[in-house]
Amino acid sequence: MPSVDQPTRIGLEQALQIVAARAAQHRLPVETVSLADAPGRVSVDDVRAPWPLPPFANAAMDGFALHGADLPRDGERAFALVGEVFAGASSVPDVRAGQCVRVTTGAPMPPGADTVVIKENALVAGDRVLVNAGERPGANVRAAGEDYAEGDLAVPAGTPLAAAHLALLAACGVAEVTVRRQPRVAVIATGDELVPAGQPLGFGRIHDSNGAMLAALARESGARVVLQRRVRDEPESLRGALLEAAMEADVIVSSGGVSAGEADHLAGVTRELGEIHFHKVRLKPGMPTLFAGIGACLYFGLPGNPVASAVTFRVFVRLAMRAMLGVAELPQPRHARLDAPLHKRHPRAEFARCKLYSDANGVQWATVHASQGSAMLRGLVETDALALLPEGEREFRRGDVVTLWPG
Ligand code: AMP
Ligand code: MG
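In this text the structure is predicted, and so the values were computed from the model without any measurement.

Caption draft 1: Examining the packing of aromatic side chains more closely. If you walk through the whole model with that rule in mind, you get four aromatic pairs. Every member of this aromatic cluster is reached through a ring pair, and the members are Phe-278, Phe-291, Phe-300 and Phe-316. Sitting over the face of the ring of Phe-79, Arg-77 holds its NZ or CZ atom 5.5 Å from the ring centroid. Taking the ring centre of Trp-365 as reference, the NZ or CZ of Arg-398 above it sits at 4.5 Å.

Shown next, in the form of structure tokens:
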């Protein structure tokens, strides 16, 4: 595999494959959490419906439950009102021919009744209910199991749990769910120029913006940030920080110090501490990206330029986290049309920051932001998608379809 000794830059596809394969060997352990703690977590087991959903036939509307065969073909018919059943009722009266029972939505259907006439279509006169012709036998009843039959696959293993999944798990009576532990992430911002936000800048200094951004991206991706450091461009300090991080985290993410400058020590230090899987990818922004193993940790050395840090996190670190969490399905790729021609000045793959909008015909367009400099936060803040401009392609016309990077 390429290392710092082999200056070959690998392509994006190969880099993604290496990350996915390594991360798959770092599946996170499992734990059990309550549904309240489950949003965003990734399920481990297939959950099947333990009984039919809904569990019993019930009224879909407020009205009167009766025998569909008794409905008048023409004119009207009077039904004898013999009781009422509300949702949550623990017993229900029988309904015989010519009789009806008042029901509310969700009420168990009384034995014998197979139809609900909605209350708006019925006229109550004392203990009689008048129904006109035109009602459909079997209407307004939810059959037992019409949503999920007993044994149907409800939530497959490897599902990132969203609100709808939690509703289904609860409907299946499941109060606790087995999920992967959240990845523990250490964030290290490197650079002698860095000053934490809130402190005054000296000459030549800048505030550390990557630290806050990478920690937020990690949390957005379902991780727990267990350590956050700023470290000077000194090999000893960097080594110490990486070793400390490797003790506490599953994934280390650093920014800066991976290019070819005199103060870029991370590749050398990493080579001493672990195994470099790749260093440098034919990609813009993010060419200097470093990916390595240190102890039981995966280590991503992301470039210091804020846009490069953000893009490579979204492309590589998120992919790794999905694999570590055992996410079964990758997000569906989305597409948009470029709304202006574009000339790429280099052959590398490029992730262009762009803003999406839809026209009146429902066609999704992407406006590539004018600020594409990899140090320009404006191009990150004012966009909502990354469009992949593939390796080797240089000229793009208005209307060309581009792939939007998921996540
Ligand atoms: P490097 O990758 O270390 O060569 O840094 C590239 C550029 O990113 C330089 O202009 C750095 O000052 C800037 N940079 C590095 N780390 C950070 C950070 N944590 N926050 C903001 N800018 C940074
Ligand atoms: Mg630096």
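Caption draft 2: Spotlight on the sheet that holds strand 16 (residues 224-231). Strand order in the open sheet formed by six strands is 16-13-17-21-20-18, and the pairing between neighbours is mixed. Looking at strand neighbours, the two that pair on one side only are strand 16 and strand 18 (275-279), the edges of this open sheet. Here the average twist between neighbouring strands, direction ignored, is 15°. Where strand 17 (residues 251-255) and strand 21 (residues 297-302) come together, five bridges link them in parallel fashion. Note on strand 21: the bridge partner recorded for Val-251 is Leu-298.

Caption draft 3: Region of the structure containing the side chain of Asn-58. Its place among the elements puts Asn-58 in strand 3 (residues 58-59). Residue Asn-58 is classed as buried on the basis of its relative accessible area of 5%. For Asn-58, the side chain forms a polar contact with the main-chain oxygen of Phe-56, separated by 3.1 Å. Here the side chain of Asn-58 touches Arg-142 through a polar contact of 2.8 Å, side chain to side chain. Excluding its chain neighbours within four sequence positions, the residues that come into contact with Asn-58 are Gly-106, Ala-107, Pro-108, Met-109, Asn-140, Val-141 and Arg-142.

Caption draft 4: How the structure looks around the pairing of strand 8 (residues 122-125). By the bridge criterion, four bridges tie strand 8 to strand 9 (residues 128-132) in an arrangement that is antiparallel. Among the inter-strand pairings, Val-124 is bridged to a residue of strand 9, identified as Val-129. Here strand 8 folds back onto strand 9, and the loop between the two strands holds two residues, one of which, Gly-126, carries a positive phi near 65°.

Caption draft 5: A look at the site of ligand 1. With respect to spatial proximity, 16 residues lie near ligand 1, and among them Glu-193, Asp-208, Ser-209, Gly-257 and Gly-304 are the closest. A distance of 3.0 Å is found between a nitrogen atom of ligand 1 and a backbone nitrogen or oxygen belonging to Ser-209. Within the backbone of Gly-304, an N or O atom sits 2.9 Å from an oxygen atom of ligand 1. Against a free-state accessible area of 490 Å², the protein chains account for coverage of 77% of ligand 1. With respect to the pocket detection grid, ligand 1 is positioned in the largest pocket. Of the residues in the shell around ligand 1, the class split is five nonpolar, nine polar and two charged.

Caption draft 6: Inspection of empty space enclosed by the protein at higher detail. Tallying each qualifying case throughout the model produces one cavity of 30 Å³ or more. Considered as a void within the structure, the largest cavity measures approximately 40 Å³ in volume. What lines the largest cavity is simply Gly-40, Arg-41, Val-42, Arg-180, Gln-182, Ser-221, Gly-222 and Leu-325. Here the lining of the largest cavity spans two domains, and each of domain 1 (8-29 + 181-325) and domain 2 (34-51 + 154-180) adds at least three residues to it.

Caption draft 7: Highlighting helix 4 (residues 235-248). An ideal rise of 1.5 Å per residue puts 20 Å on 14 residues; helix 4 measures up with 20 Å between its terminal C-alpha atoms. When helix 4 is considered as a whole, its buried residues turn out to be Leu-238, Arg-239, Ala-241, Leu-242 and Ala-245. Along the axis of helix 4, the buried residues cluster in a sector spanning 165°; they form a single face. Every exposed residue of helix 4 that faces more than 90 degrees away from the buried side is listed here: Glu-236 and Met-247. Where helix 4 is buried, its residues contact strand 13 (184-190), strand 16, strand 17, helix 5 (266-273), strand 20 (290-294) and strand 21.

Caption draft 8: Geometry of the packing of helix 4 against helix 5. For the pair helix 4 and helix 5, interaxial distance at closest approach is 10 Å and the crossing angle is 50°. Comparing the axis directions of helix 4 and helix 5 gives the class oblique. For the pair helix 4 and helix 5, the sense of crossing is right-handed. Residues Pro-235, Leu-238, Arg-239, Leu-242 and Leu-243 of helix 4 form the contact with helix 5, whose own contacting residues are Leu-266, Val-269, Thr-270, Glu-272 and Leu-273.

Caption draft 9: Structural detail: the sheet that holds strand 4 (residues 63-66). One open sheet accounts for six strands, arranged 7-4-6-5-9-8; its pairing is mixed. Across the chains shown, the open sheet's two edge strands, defined by having one partner strand only, are strand 7 (115-118) and strand 8. The mean inter-strand angle of the sheet, taken between neighbouring strand axes irrespective of direction, is 40°. The pairing of strand 5 (residues 76-85) with strand 9 spans five bridges and is antiparallel. Note that in strand 9 the partner of Ala-80 across the bridge is Arg-128.

Conventions used here
Just so you know, the residues in each chain are numbered from 1, in the order the chain's sequence is written. To read the labels, note that chains go from A and ligands from 1, taken in the order they are written. The model is predicted, so local features are restricted to residues of pLDDT at least 70 and side-chain atom pairs to those at 80 or more, both for listing and for counting; the totals for chains, interfaces and linings are taken over all residues. Neither water nor hydrogens contribute to the side-chain values; these are computed over all heavy atoms in the structure. Between rings of Phe, Tyr and Trp, where Trp is taken as its six-membered ring, a pair exists when centres lie within 6.5 Å; planes separated by under 30 degrees are stacked, by over 60 edge-to-face, and by other angles tilted. We call a charge positioned over a ring when the NZ of a Lys or the CZ of an Arg lies within 6 Å of the ring centre and within 35 degrees of the ring normal. We treat two strands as partners when DSSP finds at least two bridges between them. Helix and strand assignments follow DSSP, with helices taken as H or I runs no shorter than four residues and strands as E runs no shorter than two, numbered in order from the N terminus. All axes here are fitted lines through C-alpha atoms, helices being fitted over the stretch that makes contact, and every angle between N-to-C directions spans 0 to 180 degrees. Only protein chains enter the calculation, and the probe is 1.4 Å; a residue is then buried if its accessible area is under 20% of its type maximum, exposed if over 50%, and partly exposed in between. Two N or O atoms count as a polar contact when they lie within 3.5 Å, although within protein this holds only if one can serve as hydrogen donor and the other as acceptor, and sequence-adjacent residues are included solely when both atoms are side-chain atoms. Contacts between residues were defined by any pair of non-hydrogen atoms, one from each residue, lying within 4.5 Å. Being near a molecule or strand, for a residue, means having at least one of its heavy atoms within 4 Å of it. Residue exposure ignores everything except the shown protein chains as possible cover, and the areas themselves are Shrake-Rupley values with a 1.4 Å probe. The rule is simple: put a 1 Å grid over the protein atoms alone, call a set of points where a 1.4 Å probe fits but cannot get out a cavity, call an open set with protein on both sides within 12 Å along at least five of seven lines a pocket, and count a residue as lining if it has an atom within 4 Å of a point. Grid points define the cavity or pocket, and a molecule sits in it when more than half of its atoms lie within 2 Å of them. Residue classes follow a fixed rule: Ala, Val, Leu, Ile, Met, Phe, Trp, Tyr, Cys and Pro count as nonpolar, while Asp, Glu, Lys and Arg count as charged, and any other residue, Gly among them, counts as polar. Grid points are joined across faces, edges and corners, and a volume is the space filled by probe spheres set on the points. Domain delimitation in this document rests on an assignment produced automatically or drawn from a domain database. The span you would expect from a helix comes to 1.5 Å times its residue count less one. Here, the arc refers to the directions that run from the helix axis to the C-beta atoms. Roughly parallel refers to an angle under 35 degrees, roughly antiparallel to one over 145, roughly perpendicular to one between 65 and 115, and oblique to any angle outside these ranges. Crossings are assigned a handedness: left-handed for a near helix turned anticlockwise from the far helix by less than a right angle, right-handed for a clockwise turn.

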